[in-house]
Amino acid sequence: MKKVQEYFLYFMLYSFIGWCYEVFLEVVVYRWGFSNRGVLFGPYCVVYGFGALILMASLNWLKKRKIYVGRISITPVLVFAGIVAITTLVELAASYIMEFTQGEWMWDYTRFSFNFQGRIALNPSIRFGIGGMVILYLLQPLFEKGVRRLPDKVRTVLAVILAVILAADVIRLLAA
């Protein structure tokens, strides 16, 4: 149960970080003004949480390997390529799920070169690759230290509170 709580907390952390990233792009980079960038009410984009967990589950083994071409380690290049492929597929799947459940998806990449139906594009895929590298090599080791330092009761209470909030938000969305 401890591992489930830890990974749920990672999921919520990355969902919140994804929401912050989306709001930053919208407000600072594109100057469109603020709007809630998630499909849920709270400050989280669950696709980022799921994406981060998928990256950890699928690429941690590769990150730990030392693959060389001559004397040059190409492991980070392979991890980056894996991140780009996985996050692009997650984003594509998310667009189809959103279209099926809500009639539309929340982004349009038609203005970007090398896009597919405006759902995915090379530019955001490269950005997700960079973000995934930050997650796997920088943030996740820090989050693991922090979450593992939490006393068991604190971790459990925090996970339960966040799960109740997320569940209420999902129920609100489904009831709408």
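Quick look at the structure, then. Nothing here was measured: the structure is a model prediction, and the numbers come from that model.

**Quick word on the overall build of the protein**
And then number 1: Of the regular secondary structure elements, the protein holds five helices and four strands.
And then number 2: Counting from the amino terminus, helix and strand elements in the protein follow one another as α-α-β-β-α-β-β-α-α.
And then number 3: In terms of overall dimensions, the protein is globule-like: its C-alpha atoms have a radius of gyration of 17 Å, near the 16 Å expected for 176 residues.
And then number 4: Counting only C-alpha atoms and orienting by the principal axes, one finds that the protein spans roughly 60 × 50 × 30 Å.
And then number 5: Restricting to contacts in the protein with at least 6 residues of sequence separation, those with at least 24 account for 64%.
And then number 6: Counting every atom, the protein has about 10,700 Å² of accessible surface; 72% of that belongs to carbon and sulfur.

**Quick look at a nonpolar patch on the surface**
And then number 1: A contiguous nonpolar patch, built from Phe114, Leu122, Ile126, Ile130, Val134, Leu138 and Leu142 and spanning about 680 Å² of accessible area, is present on the exposed surface.
And then number 2: Positionally, Leu122 belongs in helix α4 (residues 122-149).

**Topic: the nonpolar core**
Grouped burial of nonpolar side chains is what soluble globular proteins tend to show.
And then number 1: In terms of nonpolar packing, the biggest core is built from 26 residues, with Tyr14, Leu59, Ile83, Leu136 and Leu166 touching the most fellow members.
And then number 2: Mapped onto this core, the elements with two or more residues apiece are α1 (2-29), α2 (46-64), α3 (75-102), α4 and α5 (152-175).
And then number 3: Membership of the second largest hydrophobic core comes to eleven residues, among which are Ala94, Met98, Trp107 and Ala121.

**Digging into the side chain of Glu26**
And then number 1: With respect to the secondary-structure elements, Glu26 resides in helix α1.
And then number 2: Glu26 gets classed as buried once you look at its relative accessible area, which sits at 6%.

**Considering the packing of aromatic side chains**
And then number 1: Enumeration according to the criterion identifies eight aromatic pairs in this entry.
And then number 2: Where Tyr48 meets Phe128, the ring centres are 6.1 Å apart and the plane angle is 75°; that geometry is what we call edge-to-face. Residue Tyr48 is found in helix α2, and its partner Phe128 is found in helix α4; the two are separated by 80 residues along the sequence.
And then number 3: Feature note: the residues Phe8, Phe11 and Phe50 constitute an aromatic cluster, connected by ring pairs.
And then number 4: Directly above the aromatic system of Tyr137 lies the positively charged group of Lys63, at a separation of 5.3 Å from the ring centroid.

**Remarks on unusual backbone geometry**
And then number 1: The phi torsion at Phe114 lies on the positive side, around 55°, for a residue other than glycine.
And then number 2: Residue placement: Phe114 occurs in the loop between α3 and β3 (115-116).
And then number 3: On the basis of relative accessibility, which here comes to 68%, the residue Phe114 falls in the exposed class.
And then number 4: The backbone of Gln117 sits at a positive phi, close to 55°, despite the residue not being glycine.
And then number 5: Take Gln117: it is sitting in the loop between β3 and β4 (120-121).
And then number 6: Given the relative accessible area of 46%, Gln117 is considered partly exposed.

**Describing the layout of surface pockets**
And then number 1: By volume, the largest pocket amounts to about 1,300 Å³.
And then number 2: Along the wall of the largest pocket there are 50 residues; nearest its centre are Glu22, Cys45, Val47, Tyr48 and Trp107.
And then number 3: For the lining of the largest pocket, the secondary-structure elements that each account for two or more residues are α1, α2, α3, α4 and α5.
And then number 4: With ten residues, the single largest contributor to the lining of the largest pocket is α3.
And then number 5: When its volume is computed, the second largest pocket comes out at roughly 180 Å³.
And then number 6: Ranked by the residues each element gives to the lining of the second largest pocket, the list is headed by α1, at four residues.

Basis of the calculations
- Residues numbered from 1 in each chain as written.
- Predicted model: local features only at pLDDT ≥ 70, side-chain atom pairs only at ≥ 80, totals over all residues.
- Heavy atoms only, no water.
- Helix = DSSP H or I, 4+ residues; strand = E, 2+ residues; numbered from the N terminus.
- Rg over C-alpha atoms; globule rule 2.2 N^0.38 Å.
- Contact = heavy atoms within 4.5 Å.
- Areas by Shrake-Rupley, 256 points an atom, 1.4 Å probe, with all protein chains shown as cover.
- Patch = residues over 30% accessible without salt bridge, like charges linked within 9 Å, V, L, I, M, F, W, Y side chains within 5 Å.
- Salt bridge = Lys/Arg side-chain N within 4 Å of Asp/Glu carboxyl O.
- Core = buried A, V, L, I, M, F, W, Y, C linked by side-chain atoms within 4.5 Å.
- Buried < 20%, exposed > 50% of the residue type's maximum accessible area, 1.4 Å probe, protein only.
- Phe/Tyr/Trp six-rings, centres within 6.5 Å; stacked < 30°, edge-to-face > 60°.
- Lys NZ or Arg CZ within 6 Å of the ring centre and 35° of its normal.
- 1 Å grid on protein atoms, 1.4 Å probe; cavity = no way out; pocket = protein on both sides within 12 Å on 5 of 7 lines; lining within 4 Å.
- Points joined across faces, edges and corners; volume = space filled by probe spheres on them.

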